[in-house]
Amino acid sequence: MFFVITLQVILNLLPIGCASNQSASNADELDSAIRETSNYLNENIPKGSKLAFLNFRSEYQALSEYVIDELISNTVNDKLFTVVDRANLALIQQEIDFQMSGEISDETAVSIGQMLGAQTIVSGTISQMGDLFRLRVRALDVQTAQIQGQFNRNIPSNTTITLLIKNPAIENPAVATTIAAPRANTSDSASKQTQTAAKYKIGDTGPAGGIIFYDKGNSIGGWRYLEAAPPETETKAIWAHERRIIDGVKDQRSVGLGKKNTQTIMETFNSKGGGFNTAARICVDLVLNGFDDWFLPSFDELSWMYGNLHQKGLGEFKNERYSYYWSSTQETSTATYVIDFSDGNLTKRDVIYTQYVRAIRQF
């Protein structure tokens, strides 16, 4: 009887072990390898360093961009380092004519790092070897040109990799899935957002009928252009109904952060009465030509809108004295950053004051 009971216990345990192994085998090994890479960088680069993710060489551009985008996301979320805005890298790329998907010498990498004010340059490759993909990531000290660490990992081909190498137009399948998913009680703007094959220049009319005011030169993160809503959508509103710090938007001013800032603001507002008739709410509620993905610009995004549109006589922005436009970047519990479009003055205003609101969107 003891033998039978013991055998039964073992048999009961076996499926659990098998299920666990099967679950592990079904895990996305590409994402796991990228996470391991981030952990390695966290351990081998001095905390507080400023990192520039330079390039990721591969035969498949979509695969390269996926890896580097995920590495950047991990680094930002881990909060151990600061990360150079990829838009700045795109500007330097135009100046010195290097390919982010190609081979770059250590000398060039160090030079780029110095131009960006970074302490560490991160670059890598991902190459195919039969059914395996070889991931190699290297961190280079900008000041000494010494290698701070190198991480290597072989990855079996999986669903994500297959999708990326067979669909080169997809930079990040996770982003693409999010974009394609319809939002409740809204329009089909998400599916339209994927149609970005057309090339735009500053001042062109965007897909939603607004005005293009920023081009970061690549589609990393699922977007390349910023489009300002047309002048007839402009209005005035307060920034918030009460003076308080909203965690996650304080000093978050870089290009690319406006959408996240606005989402964070709305999460707070939705938990405390909805934030009706506020700048962020007006932006997210905007539906124009079937597009409903508008948000309140970050401080730097607002600055580009001022320089690339208003200073060139585009967009029909207000020009009288004290024409303050709200950003989504908060400074203190009482003050949020604004720009006076009459003179370009960068300042801040009390959140309960009424200022101009102009929504933007990414695509």
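Residues numbered from 1 in each chain as written. Predicted model: local features only at pLDDT ≥ 70, side-chain atom pairs only at ≥ 80, totals over all residues. Heavy atoms only, no water.

Trainee: Help me understand helix α5 (residues 106-116) in this model?
Mentor: One turn of an α-helix holds 3.6 residues; hence residues three or four places apart share an orientation. Buried within α5 are the following residues: Ala-109, Val-110, Ile-112, Gly-113 and Leu-116. Within α5, the buried residues cover an arc of 160° as seen down the axis, which keeps them to one side. Along α5, exposed side chains directed more than 90 degrees from the buried face belong to Glu-107 and Gln-114. Following α5 by one or two positions, Gly-117 adopts a phi angle in the positive range, close to 75°. (Buried < 20%, exposed > 50% of the residue type's maximum accessible area, 1.4 Å probe, protein only. Helix = DSSP H or I, 4+ residues; strand = E, 2+ residues; numbered from the N terminus. Arc of directions from axis to C-beta.)

Trainee: Can you help me understand the pattern of salt bridges in this one?
Mentor: Between side chains of opposite charge, pairing is possible as soon as their charged atoms come close. Taken as a whole and assessed by the stated rule, the structure comprises 14 salt bridges. A salt bridge links Arg-361 to Glu-227; its shortest N-O distance comes to 2.8 Å. Of the two residues, Arg-361 is situated in strand β13 (residues 360-362) and Glu-227 in strand β7 (residues 225-228); the sequence distance between them amounts to 134 residues. Assessed through its relative accessible area of 0%, Arg-361 is described here as buried. Residue class for Glu-227 comes out buried when judged on its relative accessible area of 0%. The closest approach of N and O atoms between Asp-350 and Arg-243, which form a salt bridge, is 3.0 Å. In this pair, Asp-350 sits in strand β11 (residues 345-350) while Arg-243 sits in the loop between β8 (235-238) and α9 (258-270), placing the two residues 107 residues apart along the sequence. One network of salt bridges, with partners in common, ties together Glu-29, Glu-36 and Arg-153. (Salt bridge = Lys/Arg side-chain N within 4 Å of Asp/Glu carboxyl O.)

Trainee: Help me understand helix α3 (residues 61-78), please; the structure alone is not making it clear to me.
Mentor: When the terminal C-alpha atoms of α3 are compared, their 26 Å separation across 18 residues agrees well with the 26 Å that a helix rising 1.5 Å per residue should span. Summarising burial for α3: 13 of the 18 residues are buried, a large majority. Note on α3: the residue one or two positions beyond its end, Lys-79, has a positive phi of about 60°. (Expected span 1.5 Å × (residues − 1).)

Trainee: Sorry, what's going on with the pairing of strand β5 (residues 147-156) here?
Mentor: The two faces of the sheet receive side chains in turn, since in a regular strand these alternate between them. Bridge count for strand β4 (residues 132-141) against β5 is nine bridges, and the pairing is antiparallel. Looking at β5, one finds that Leu-140 is bridged to Ile-147. Following β4, the chain reverses through five residues before pairing antiparallel with β5; Ala-145 in that reversal takes a positive phi of roughly 65°. (Pairing = 2+ DSSP bridges.)

Trainee: How should I be thinking about the sheet that holds β4 in this particular structure?
Mentor: Strands belonging to one sheet form pairs held by backbone hydrogen bonds; the direction of such a pair is parallel or antiparallel. Pairing is mixed in the open sheet, where five strands are placed in the order β2-β1-β3-β4-β5. A strand with exactly one partner marks an edge of an open sheet, and here the two such strands are β2 (82-83) and β5. Bridging between strand β3 (residues 120-129) and β4 involves 10 bridges; their strand directions are antiparallel. Note that in β4 the partner of Met-129 across the bridge is Leu-132.

Trainee: How should the confidence of the model for the chain be read in this particular structure?
Mentor: When pLDDT drops low, the exact placement of atoms in the prediction is not to be read closely. On average, the chain scores 82 in pLDDT, and the residues at 70 or more come to 79%. The lowest-confidence element of the chain is helix α7 (residues 173-180), averaging 32 in pLDDT; the highest-confidence one is strand β12 (residues 354-357), averaging 98. Across residues 1-26, where pLDDT falls below 50, the model places zero contacts with residues more than four positions away in sequence or in other chains. (pLDDT = per-residue confidence, 0-100. Contact = heavy atoms within 4.5 Å.)

Trainee: Would you explain the packing of α3 against helix α6 (residues 159-166) in this entry?
Mentor: Each pair of packed helices can be summarised by the angle the axes make with each other and by the distance between the axes. Following both chains from N to C, one finds α3 and α6 inclined at 130°, their axes separated by 7 Å at the closest point. If you check the angle between α3 and α6, you find them oblique. Residue-level contacts link Ala-62, Leu-63 and Tyr-66 of α3 to Thr-160, Ile-161, Leu-164 and Ile-165 of α6. Residues belonging to the contact of α3 with α6 are distributed by class as follows: six nonpolar, one polar and no charged. (Axes fitted to C-alpha atoms, helices over the stretch in contact; angles between N-to-C directions. Parallel < 35°, antiparallel > 145°, perpendicular 65-115°, else oblique. Nonpolar A, V, L, I, M, F, W, Y, C, P; charged D, E, K, R; others polar.)

Trainee: Even after reading the chapter, I still don't get the packing of aromatic side chains, so can you show me in this structure?
Mentor: The relation between two aromatic rings is expressed through the spacing of the ring centres and the mutual angle of the planes. Scanning the model with the defined rule gives 13 aromatic pairs in all. A centroid spacing of 5.1 Å and a plane angle of 80° characterise the contact between Tyr-306 and Phe-341, whose relative ring orientation is edge-to-face. Separated by 35 residues along the polypeptide, Tyr-306 in helix α11 (residues 299-308) and Phe-341 in the loop between β10 (335-340) and β11 bring together distant segments of the chain. For Phe-341, a relative accessible area of 1% translates into the label buried. Both rings, one in Phe-317 and one in Tyr-325, keep their centres 5.6 Å apart while their planes meet at 75°; by these two values the pair is edge-to-face. Neither residue differs from the other here; Phe-317 and Tyr-325 are each classed as buried. Here the aromatic residues Tyr-306, Phe-317, Tyr-325, Phe-341 and Tyr-356 are joined through ring pairs into a cluster of three or more. (Phe/Tyr/Trp six-rings, centres within 6.5 Å; stacked < 30°, edge-to-face > 60°.)

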